[in-house]
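Observations on the three-dimensional arrangement
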Amino acid sequence: MREPRYKSIVDEFTVRIRSGKLVPGTQLPTTRELMRQYGVALATASRVYAELGEIGLVVGETGRGTFVRDTTLPRTMGLEQRPARSGVIDLGLNNPLLPGQDEMLRAGLRAMAASGDLNALLHPSPHGGRPHERQMFARHLRNRGIRVPGDQVLIVNGAQQGLSVAIMAMFQPGDVLAIDELTYPGMKNLAQQAHLDLVPVPQRPGYGGMDLDRLEALCRKRPLRGIYIMPTLHNPLGLVMPEADRVRVAAMAEKYGFVIIEDGAYSFLAEPAPPPIFTLAPQRTIYVCGLSKSVASGLRLGFVAAPPEWMADIGYAIRVSTWTASSLSIALACLWIDNGTVDQLEDRKRKDARRRQTLARRVLKGLDVRAHPSSYFQWLSLPPDMRIDQVAARLERQGILVVTSEPFSTSMRMPHAMRIVLSGIASDVLEDVLAKVRREVLGIAPGTRG
């Protein structure tokens, strides 16, 4: 059987890249130039670059073209957890912890040991949690402006599982899911694993949020099954969707009958904020949140609020996944919700994030930075004459790990930018590290002032 033409072209480029004949940063021919050079159709030329992108050898950059990637960098550009190395600062993983949280844990465990039926904690929790635990998490949801009874809340093993069971319960392979062009990588990967038809919706110029005109055009053109959205607070851009846009999304969901998956993982940082979309479209929305960011990633608990008629399907998805939250973690979380520890931590982390944002904006002044004033991360766009993979590689050689736009991008063209996480690093160290990032972006040699 004859090999498809695009495969032979892919093989040719692969050999040239891996042999070093095409060095990192080399700009490849445009798609139309590739058509002329090899005498192939547009679809074939496009597939060549798509295949090279899939195997991690090239990267497409918005408005600039396709370039050979620096393959010395990890494929996900630092988003995955890597073994700790001495002297390395990871600006990729967001694990906000505050001084004294270990003592909070010590006190919490003592309180649990002194009361209650400890034997019950040695048994697995019912899928979705016990009724009184679900009621406690429903109480916590009031912090986000959501008021539902406990039987509309299910406890899961982290927000990631919440997203997973929402997909399992409400979608089938081939369903169309609208998503931001830049979004949380965990959801992008879930959708791909579920074989959904993932459709990126471009950002609106100026504001930078999802272009709702384009979303409505998509609804008219295709049978949209659902939308994944982070209205408060968007990862990685740090945006908060205006209330008018939330109302419009809710109205579209009602008009076109699609499901809204609303991710509130970072919503605790952006207070006050407009009401969640869940409150505007309670019969069309699944709200997913967790305690990993607001309390601690080691606690690993999430919760899902959904319309009553969808609860059975979501509960079934939890059962068939055989992936249930720890009884011990749930008991500790309920204790901390009840005694106000979670509220205290959320308030302290908002203040901590504001201090870090103030520091970062001062150090990175003059650079193209986008962030919410109380977010634990920033989105840094580079000058047009710099390549993001090369900047990331040079920073890594200095012991600084960053995440580029690649894992966040749902389209073939990735912006020339990186996400910088500000949490979990002592302020004096953070200032020094950000100064190095600034010098690298400005092209200032180490040891000079800039």
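All figures in this text were calculated on a predicted structure; none of them were measured in a lab.

With respect to the packing of aromatic side chains
For any pair of aromatic rings, the description rests on two quantities: the centre-to-centre distance and the angle between the ring planes. Applying the stated criterion across every chain yields a total of 5 aromatic pairs. Judged by centre distance (6.4 Å) and plane angle (65°), the ring pair of Phe-13 and Tyr-49 falls under edge-to-face. Taken as a pair, Phe-13 in helix α1 (residues 5–18) and Tyr-49 in helix α3 (residues 42–54) lie far apart in primary sequence, 36 residues in all. When sorted by exposure, Phe-13 lands in the same class as Tyr-49, which is buried.

Observations concerning the pairing of strand β6 (residues 197–201)
By the bridge criterion, 5 bridges tie strand β5 (residues 176–180) to β6 in an arrangement that is parallel. Across the sheet, residue Val-176 finds its bridge partner in β6, namely Asp-197. Assessed by its sense of winding, the connection that carries the chain from β5 through helix α7 (residues 185–193) to β6 is right-handed.

Structural notes on helix α4 (residues 101–114)
Owing to its 3.6 residues per turn, the α-helix brings residues three or four apart onto one side. Across its 14 residues, α4 extends 20 Å between first and last C-alpha, which sits within 8% of the 20 Å expected from 1.5 Å per residue. Buried within α4 we find Gln-101, Met-104, Gly-108 and Met-112. Take α4 and look down its axis: the buried residues cluster within an arc of 70°, on one side only. Turned more than 90 degrees away from the buried face of α4 sit Arg-110, Ala-113 and Ala-114, all of them exposed. Contacts made by the buried residues of α4 are with α12 (327–338) and α13 (341–363). Following α4 by one or two positions, Gly-116 adopts a phi angle in the positive range, close to 85°.

The rules behind the values
Residues numbered from 1 in each chain as written. Predicted model: local features only at pLDDT ≥ 70, side-chain atom pairs only at ≥ 80, totals over all residues. Heavy atoms only, no water. Phe/Tyr/Trp six-rings, centres within 6.5 Å; stacked < 30°, edge-to-face > 60°. Helix = DSSP H or I, 4+ residues; strand = E, 2+ residues; numbered from the N terminus. Buried < 20%, exposed > 50% of the residue type's maximum accessible area, 1.4 Å probe, protein only. Pairing = 2+ DSSP bridges. Right-handed = clockwise from strand over helix to strand, strands pointing away. Expected span 1.5 Å × (residues − 1). Arc of directions from axis to C-beta. Contact = heavy atoms within 4.5 Å.

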